[in-house]
Amino acid sequence: MTKKTIHELDLDGRRVFIRVDFNVPIRDGVIGDDTRIRAALPTVKYALEHGAKIILGSHLGRPQGAVNPALSLRPVATRLAELLDRPVIFAEDATGDPVTRAMGQVGSGGVVLLENLRFHPGEEANDRVFAQALAAPADCYVNDAFGAAHRAHASTTGIVNHLHDAAAGLLMAAELRHLGTLLASPPRPFVAILGGAKISGKMEVIENLLGRIDALLIGGAMAYTFFKARGLPVGHSLVEPALVDTTRAIERDAAARGVRLELPSDHVVTDRLEAGAACETLDVDDPAIGDRLGADIGPATIARYAAAVADARTIVWNGPMGVFELDAFAPGTVAVAVAVAASKARSVVGGGDSVAAVARAGVADQITHISTGGGASLEFLGGRRLPGLEVLPDAAEGTC
Ligand code: ADP
Ligand code: MG
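Everything numeric in this text was worked out from a predicted model, so none of it was measured.

S.K.: How do you make sense of the pattern of salt bridges when you look at a structure like this?
M.R.: Here the idea is simple: oppositely charged side chains can pair when their charged atoms come close. Applying the stated rule across the entire model yields 23 salt bridges. Between Arg79 and Asp34 there is a salt bridge, and its shortest N-O distance comes to 2.9 Å. Here Asp34 lies in the loop between strand 3 (30–31) and helix 1 (35–49) and Arg79 lies in helix 2 (residues 74–84), a separation of 45 residues in the sequence. Of the residues examined, Asp34 reaches a relative accessible area of 14% and is grouped as buried. Taken together, the shared-partner salt bridges in this structure form one network comprising Asp34, Arg38, Arg79 and Glu82.

Following this line, the structure appears as C-alpha cells:
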C-alpha cells in the first residue's frame, strides 16, 4: 500500500482542503473527548508550516442531510484554536458564500473549519455537484480521516474528481503503515486477540486474519457462540444462534491452517449486568452457571492469554474480554491490556471500546499503534478496499 502523502504535495501558498475526522462526542456544546482533534494536529501543523491556507472538513454524528444545531462543529473550532494556539475561522456552511467569506478573513497561513459536511444530503450521497462545491475553494486535497475512509462520500471520494492533486495526511499514512504491516509482513509469532459483543461484525476479520496469524485468542461475549457449538453450558450468556455453525467452520479452518485457536477455560458469571451484582468464577464446562451469564474471562484464562501475548512479536487486538464498563467485569480486559503493553511485540489496537479499555488501563502510550478508525480498521483488517484510500494517487516512491 503505497499512497502519495502530504510530504509529496506542494503546499506553499496553496489552499488545501483537508478531510479530517472530528467526529467527537459533544454534549450541550461541550466536547467530551478531544482525542480525534489532537490526532489531526500533526497534519494541520505540517500544512501550516509549509505555507498552506487550510480548509478543514469533517462530519459529526448522523444529521442525515439536514441542519441540526446539536451537531454543529462550532465547538470544535474553538477547541482547535486552543490546541493550535491560533485563530480558526468557522464557516457557517460547508459550501458557498460562508466559505468564501471565511477564506477572505483568514489570510495566508490560516485555518478555516467548515460546518458539518453531513448537513448536506450530497455528502453521504456522494453527489457530484456537492463534491464540486466542496472542491471549489481549494487547490489540492488531503485525506486524513482514516475513520471515514470506508465510506464513499463526497468529501472522501467524489472531491478527488475535482482536485486531482491529492494525498494522504500523516494520520492516514500512519494507519496504513501500521495496519498494512499486519497484513503484509508481520513479525512472528503473530497473535490476534478478538473479543467484544458479537462475532457477526467481525467475521471478515477472523477469516482474513486466519491466513496470517499463529494464534487467535477469543474472549468477550464472542466466546459463547463457540461454547454453544461445543456443547458447553452457556446459561444466559450472549450467544448468536445463527453463527453456531460458523464457529465450527472457523475452528476447522484454524486447525487446517495450523492456527492455535484459544477459548477461555474459566469465566466470571453473574445473574445480572449491574454494578454490585453477585459473581462467581467457574470453569467454562461447569454446569453451575445455571441461568446466569458469563461477563468476563477468569484468572486461568488471563494467565494463559498473557503468556501467549508475552511470546508474540506482533499483536492485533480488537474487542474487550468482558463487560469492562462495569468494574467487576473489567479485570480480564485490563489484564490483557497490561500484557499487550508489556510485550515487546509490535502491537495494534483498534475498535472504539478496545481503545477506551486501553486508555482505562492507563497503558495507551505503550501500544505501538492505536487505530483511530473503528469500522474502517475492521474493514481494512477484513481485507476490504477502502474507497477513501483507493481514490488517492499512488506514491512516486512508496512512502507509506
Ligand atoms: P470494539 O468497540 O472494541 O470493536 P465491540 O463494540 O465489538 O468492541 O464490543 C464491546 C462491547 O462488548 C462492550 O460494550 C462490552 O460490554 C461487550 N461485551 C464484552 N464481553 C461481553 C460479555 N461476556 N457479555 C456481554 N457483552 C460483552
Ligand atoms: Mg464498539
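S.K.: So what exactly am I meant to see when it comes to the nonpolar core here?
M.R.: The nonpolar side chains of soluble globular proteins are, as a tendency, buried together. Ranked by internal contacts, the top residues of the largest apolar core, which has 65 residues, are Phe17, Leu114, Leu134 and Leu216. A domain split of this core shows at least three residues from each of domain 1 (6–172) and domain 2 (179–381). In this view, Leu134 contacts Phe17, Ala94, Thr95, Leu114, Leu117, Glu123, Ala154, Ser155 and Ile159; residues no more than four positions away in its chain are not counted. Listed in part, the 36 residues of the second largest apolar core include Ile37, Ala40, Tyr46 and Ala167.

S.K.: Which parts of the structure should I look at to understand the site of ligand 1?
M.R.: As a matter of local geometry, ligand 1 sits amid 17 residues, with Lys202, Gly294, Glu325, Asp353 and Ser354 nearest to it. With respect to ligand 1, the side chain of Lys202 contributes an N or O atom lying 2.7 Å from an oxygen atom. Here a nitrogen atom of ligand 1 and a backbone polar atom of Ala221 are 3.3 Å apart. For ligand 1, the accessible surface in isolation is 580 Å², of which the surrounding protein chains cover 83%. Sorting the residues of the shell around ligand 1 by element identifies strand 14 (293–297) and helix 12 (352–360) as the ones contributing at least two each. Considering each element in turn, the shell around ligand 1 owes the most residues, three residues, to helix 12. Here the shell around ligand 1 is built from residues that sort into five nonpolar, nine polar and three charged.

Reading the values: the criteria
Residue numbers restart at each chain and count upward from 1, following the sequence in its written direction. Key to labels: chains lettered from A, ligands numbered from 1, both in the order written. Reporting of local features is limited, given that this is a predicted model, to residues whose pLDDT is at least 70; pairs of side-chain atoms are given and counted only at 80 or more, and all residues count toward the totals for whole chains, interfaces and linings. Side-chain figures throughout are based on the complete set of non-hydrogen atoms in the structure, without hydrogens or water. Salt bridges are identified by distance alone: a Lys or Arg side-chain nitrogen within 4 Å of an Asp or Glu carboxyl oxygen. The numbering of helices and of strands both runs from the N terminus, where a helix is a DSSP run of H or I of at least 4 residues and a strand a run of E of at least 2. Burial status follows relative accessibility: with a 1.4 Å probe on protein chains alone, a residue under 20% of its type maximum counts as buried, one over 50% as exposed, and anything between as partly exposed. Within this scheme, the nonpolar core is defined by two criteria: the residues are buried Ala, Val, Leu, Ile, Met, Phe, Trp, Tyr or Cys, and they are joined through side-chain atoms within 4.5 Å. Where each domain starts and ends comes from a domain assignment, either automatic or drawn from a database. In what follows, residue pairs with any heavy atoms lying within 4.5 Å of each other are defined as contacts. The nearness test applies per residue and asks whether one of its heavy atoms lies within 4 Å of the molecule or strand. Distance and chemistry together define a polar contact, namely a pair of N or O atoms within 3.5 Å, with one atom able to donate a hydrogen and the other to accept it when in protein, and with adjacent residues in sequence counting only for side-chain atoms on both sides. Each accessible area value is a Shrake-Rupley result obtained with a 1.4 Å probe; residue values ignore everything except the protein chains displayed when judging cover. Under this grouping Gly is polar, as are all residues other than the nonpolar Ala, Val, Leu, Ile, Met, Phe, Trp, Tyr, Cys and Pro and the charged Asp, Glu, Lys and Arg.

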